[in-house]
Amino acid sequence: MNSSIVSIGLSNPGAPIPQAEIARFMKLAHQLDESESRKLGFFYRKSGIDFRHSVLEDFDKLDVADFAFFS
């Protein structure tokens, strides 16, 4: 019996989220100070990633108290 790959699929969950928005969220979620926020921002800008995808709704929130998954 021979095996073979018949097809390959690709899918992204949820709507695309700009990398800058994810960086803002991560700084807020991890309560980073100014120095750590600058470092994280640098890495996110230099990653070469423009958008990320997620099914989680927390990335739209501006207040930590509103987070559902990252409570």
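Note that this is a predicted model, so its numbers are computed, not measured.

What counts as what
The residue count restarts for each chain, going from 1 along the sequence in the order it is written. Totals for whole chains, interfaces and linings use every residue, but because this is a predicted model, local features are given only for residues with pLDDT of at least 70 and side-chain atom pairs only at 80 or more, for both listing and counting. Side-chain metrics rest on all non-hydrogen atoms present in the structure, leaving aside hydrogens and water. Only DSSP runs of H or I covering at least 4 residues are called helices, and only runs of E covering at least 2 are called strands; the numbering of each starts at the N terminus. For the radius of gyration, the atom set is restricted to C-alpha positions; the globular benchmark scales as 2.2 Å times the number of residues to the power 0.38. Only protein chains enter the accessibility calculation, which uses a 1.4 Å probe. A residue is then buried if its area is under 20% of the maximum for its type, exposed if over 50%, and partly exposed in between. Here, residues are in contact when the closest pair of their heavy atoms is within 4.5 Å. Within 6.5 Å between ring centres, the rings of Phe, Tyr and Trp (the latter by its six-membered ring) count as paired, and their orientation is classed by plane angle as stacked under 30 degrees, edge-to-face over 60, tilted in between. Orientation is described by axes fitted as lines to C-alpha atoms, over the contacting stretch for helices, and by angles from 0 to 180 degrees between their N-to-C directions. Angle categories: roughly parallel below 35 degrees, roughly antiparallel above 145, roughly perpendicular from 65 to 115, and oblique for all the rest. Put simply, a crossing is left-handed when the front helix is turned counterclockwise from the back one by less than a right angle, and right-handed when it is turned clockwise. The criterion is simple. A nonpolar core is a set of buried Ala, Val, Leu, Ile, Met, Phe, Trp, Tyr and Cys residues joined through side-chain atoms within 4.5 Å.

A. Quick peek at the overall build of the protein chain. Broken down by element type, the protein chain carries two helices and two strands. Along the chain direction, N to C, the helices and strands of the protein chain fall in the order β-α-α-β. For the protein chain, the C-alpha radius of gyration of 17 Å lies well beyond 11 Å, the compact-globule estimate for 71 residues. Principal axes of the C-alpha set define a box for the protein chain whose edges measure 60 × 30 × 20 Å. Among the 71 residues that make up the protein chain, the fraction classed as buried is 18%. Here the analysis covers contacts within the protein chain between residues at least 6 apart in sequence; of these, 68% occur between residues at least 24 apart.

B. Looking closely at the packing of aromatic side chains. Tallying each qualifying case throughout the model produces three aromatic pairs. Relative to Phe43, the ring of Phe42 has its centre 5.7 Å away and its plane inclined at 70°; by these criteria the two rings are edge-to-face. Residue classification places Phe42 among the partly exposed residues on the basis of a relative accessible area of 40%. Among the aromatic residues, those joined into a cluster by ring pairs are Phe25, Phe59 and Phe67.

C. Region of interest: the packing of helix α1 (residues 19-29) against helix α2 (residues 34-46). Close contact between α1 and α2 brings their axes to 10 Å; oriented N to C, the two are set at 155°. In terms of orientation, α1 lies roughly antiparallel with respect to α2. For α1 against α2, the interelement crossing comes out right-handed. Where α1 approaches α2, its residues Gln19, Ile22, Ala23, Met26 and Lys27 are matched on the opposing element by Ser37, Leu40, Gly41 and Tyr44.

D. Here's a closer look at the environment of Ala15. Relative to the helices and strands, Ala15 is located in the segment before β1 (16-18). Residue class for Ala15 comes out exposed when judged on its relative accessible area of 53%. In this structure, the C-alpha to C-alpha distance between Ala15 and Ser54, residues 39 residues apart in sequence, is 7.0 Å. Excluding its chain neighbours within four sequence positions, the residues that come into contact with Ala15 are Arg52, His53 and Ser54.

E. Expanded view of the nonpolar core. Listed in full, the eight residues of the largest apolar core are Ile17, Ile22, Ala23, Phe25, Leu40, Tyr44, Phe59 and Phe67. The leading source of residues in this core is α1, at three residues. Once residues lying within four places of it in the same chain are set aside, the contact partners of Tyr44 are Gln19, Ile22, Ala23, Met26 and Arg52.

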